[in-house]
Every structure is written in C-alpha cells, then in structure tokens.
Amino acid sequence: EDKVVQSPLSLVVHEGDTVTLNCSYEVTNFRSLLWYKQEKKAPTFLFMLTSSGIEKKSGRLSSILDKKELSSILNITATQTGDSAIYLCAGNSGGSNYKLTFGKGTLLTVNP
Amino acid sequence: GAVVSQHPSWVICKSGTSVKIECRSLDFQATTMFWYRQFPKQSLMLMATSNEGSKATYEQGVEKDKFLINHASLTLSTLTVTSAHPEDSSFYICSARGPYEQYFGPGTRLTVT
C-alpha cells in the first residue's frame with residue numbers, strides 16, 4: 001500500500017522565520033511528488049517534482065526531491081502570516097493505476 | 001490555470017436522504033476525475049477514481065453502493081451519497097486530471113443531521 005509521511009505534523013513560528021517541511025514516500029510506480037497548500041477550502045498547487053536534486057522555486061517557497069532517500073522538503077523563507085495553512089505532500093503513482101496518495105499534512109502557523 | 005467547480009459548496013441534509021455533488025472541469029476535458037473525503041484536521045483520503053464512460057474504481061473500504069459515482073461526460077462527474085448518515089458528514093473534494101497535474105475543486109461541505 002502506498003504511503004506518504006509528513007513531518008512535523010504542526011509547527012508554530014514567528015514572522016520572518018524560515019521553515020522546512022519534510023515528506024517521505026513509498027509509492028508504487030512513482031512518477032512525481034506534489035506539494036499543495038490548503039487554507040480553508042481545497043488544496044492549491046505549489047510544486048510538482050519529478051527529477052532528483054533539482055530545486056523548484058516560487059518566490060519565498062522552494063522544494064527539492066531526493067529519489068534516493070525517497071523524500072522531499074519544502075522550504076519557506078521569511079515567513080508571513082499569510083503562509084499559515086496546511087501543507088500537503090502527495091506521491092503520484094503513474095501508469096494504469098494513476099493516483100495521488102496524500103500525507104497527513106503539516107499545519108503551519110505563523111504568528112506576527 | 002485549469003478550473004474545476006463543485007456544486008453545491010455546502011449542503012445540510014437529514015439522515016436517510018441522498019445528496020448529489022457535481023464536479024465540473026470548466027476549461028478542459030478530464031477523462032479521469034477523483035473524489036476525496038477530508039475529515040477535520042485530517043488529510044485527503046481518496047475515495048474513488050472516476051473514468052469517463054466506465055465504472056468508477058473504489059478504494060478499499062469505500063462502499064460503492066453508498067457512494068455512487070457517475071462520470072457521464074468529459075467535463076462532469078457526480079458523487080451521490082445515498083442514505084446519508086451523520087458519520088458521512090465531511091468535506092468532499094473532487095479533482096480532475098489535467099495535462100500536467102490534478103486540479104482540485106473548491107470542495108463541498110456535507111452535514112447530515
């Protein structure tokens with residue numbers, strides 16, 4: 001059974017701090033790893049990672065995949081209160097059994 | 001980016017009734033759609049994969065007779081919660097498989113009283 005584990009499950013920081021969120025995966029026919037941000041409604045897409053060691057960056061957010069370690073990290077620098085959300089990591093299995101397996105998420109709270 | 005809509009955004013129903021939730025891909029055709037359920041402070045749990053023109057594939061532990069899925073066209077999938085009970089109260093989210101990733105709908109909050 002496919003499994004995605006995220007850590008920590010929750011994190012409280014102050015504005016301006018840098019945070020690193022972790023994700024490890026065991027996914028059959030692994031195709032890619034995705035990061036989502038979920039506030040009050042459905043998740044919004046952040047990154048899709050397919051190649052190991054190549055950092056993807058969007059503003060203050062960045063992410064990288066390590067296929068050897070079956071893991072990924074999401075970094076947020078200079079955090080703002082608007083970054084407060086649940087961050088979800090999902091492993092994508094490809095082929096005929098294409099689906100996303102989500103981790104439990106990391107609840108990030110950024111205090112002013 | 002691609003847009004997926006869900007209707008209704010929230011619904012309250014009485015125990016024993018059925019509720020239908022619609023998921024539409026607005027600007028692309030989706031041969032595959034997914035239905036997730038999310039309980040408070042928990043992650044998204046895949047319920048079923050919906051393929052246009054064929055039967056849905058349900059995840060282990062999900063009752064297919066209770067959660068009826070119909071994917072009648074390339075832009076519409078429906079989830080019907082039959083004979084709803086209070087334990088079915090949850091946040092139901094659909095997603096559509098697009099060319100690069102899955103695009104999520106805004107979700108439907110179901111409350112069964």
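In the block above lies the structure referred to throughout.
Being a predicted model, the structure only gives us computed values, none of them experimental.

A look at the nonpolar core
Phase 1: Formed by 25 residues in total, the largest nonpolar core has its most connected members in Val4(B), Trp35(B), Phe67(B), Leu79(B), Tyr92(B) and Leu110(B).
Phase 2: Looking at this core, the elements with two or more residues in it are strand S2 (10-13), strand S3 (19-25), strand S4 (32-38), strand S5 (45-51), strand S7 (67-73), strand S8 (76-81), strand S9 (90-97) and strand S11 (108-112) of chain B.
Phase 3: Of all hydrophobic cores here, the second largest spans 20 residues; its members include Val4(A), Val13(A), Leu49(A) and Leu74(A).

Re the interface of chain B and chain A
Phase 1: If you look at the interface, chain B gives 17 residues, while chain A gives 16 residues.
Phase 2: Both faces combined, the contact of chain B with chain A buries some 1,400 Å², and carbon together with sulfur accounts for 57% of it.
Phase 3: The interface formed by chain B and chain A holds 1 salt bridge in total.
Phase 4: A salt bridge links Lys99(A) to Glu59(B), with the shortest nitrogen-to-oxygen separation between them at 3.0 Å.
Phase 5: Put simply, chain B and chain A have 4 residue pairs in polar contact (both at pLDDT 80 or more) between them.
Phase 6: Only S4, S9 and strand S10 (102-104) of chain B provide two or more residues apiece to the side of chain B that touches chain A.
Phase 7: Partitioned by chemical class, the residues of the side of chain B that touches chain A number 9 nonpolar, 5 polar and 3 charged.

Examining the state of the cysteines
All names here are of chain B.
Phase 1: Evaluated as defined, the whole model comprises 2 disulfides over all chains.
Phase 2: The disulfide partner of Cys 23 is Cys 94, and the gap between their sulfur atoms is 2.0 Å. Taking the sign of the S-S torsion, 80° for the link of Cys 23 and Cys 94, the bridge is right-handed. In this pair, Cys 23 sits in strand S3 while Cys 94 sits in strand S9, placing the two residues 71 residues apart along the sequence. Across this residue pair, the class does not change: Cys 23 and Cys 94 are buried.
Phase 3: Unpaired in this structure, Cys 13 has its nearest cysteine sulfur neighbour in Cys 94, at a distance of 18 Å.

Re the pairing of strand S4 (residues 30-38) of chain A
Residue and element names in this part refer to chain A.
Phase 1: Counting buried residues in S4 gives 7 out of 9 residues, a clear majority hidden from the surface.
Phase 2: Bridge analysis of S4 against strand S9 (residues 85-93) gives 8 bridges, and the strand direction is antiparallel. Following the sheet pairing, Leu 34 is matched in S9 by Ala 90.
Phase 3: Adjacent in sequence and paired antiparallel, S4 and strand S5 (residues 44-49) are bridged by 5 residues.

A closer look at the sheet that holds S3(B)
All names here are of chain B.
Phase 1: What the 4 strands build is an open sheet, ordered S1-S3-S8-S7; its pairing is antiparallel. The sheet terminates laterally at strand S1 (4-7) and S7, the two strands that pair on one side only. Here the average twist between neighbouring strands, direction ignored, is 15°.
Phase 2: Bridge analysis of S3 against S8 gives 6 bridges, and the strand direction is antiparallel. In the sheet register, Val 19 faces S8, and the bridge partner there is Val 81.

Cut-offs used in this document
- Residues numbered from 1 in each chain as written.
- Chains lettered and ligands numbered in written order.
- Predicted model: local features only at pLDDT ≥ 70, side-chain atom pairs only at ≥ 80, totals over all residues.
- Heavy atoms only, no water.
- Core = buried A, V, L, I, M, F, W, Y, C linked by side-chain atoms within 4.5 Å.
- Buried < 20%, exposed > 50% of the residue type's maximum accessible area, 1.4 Å probe, protein only.
- Helix = DSSP H or I, 4+ residues; strand = E, 2+ residues; numbered from the N terminus.
- Contact = heavy atoms within 4.5 Å.
- Buried area = accessible area lost by both parts, 1.4 Å probe.
- Salt bridge = Lys/Arg side-chain N within 4 Å of Asp/Glu carboxyl O.
- Polar contact = N/O pair within 3.5 Å; in protein donor to acceptor, adjacent residues only side chain to side chain.
- Nonpolar A, V, L, I, M, F, W, Y, C, P; charged D, E, K, R; others polar.
- Disulfide = S-S within 2.5 Å.
- Pairing = 2+ DSSP bridges.
- Axes fitted to C-alpha atoms, helices over the stretch in contact; angles between N-to-C directions.

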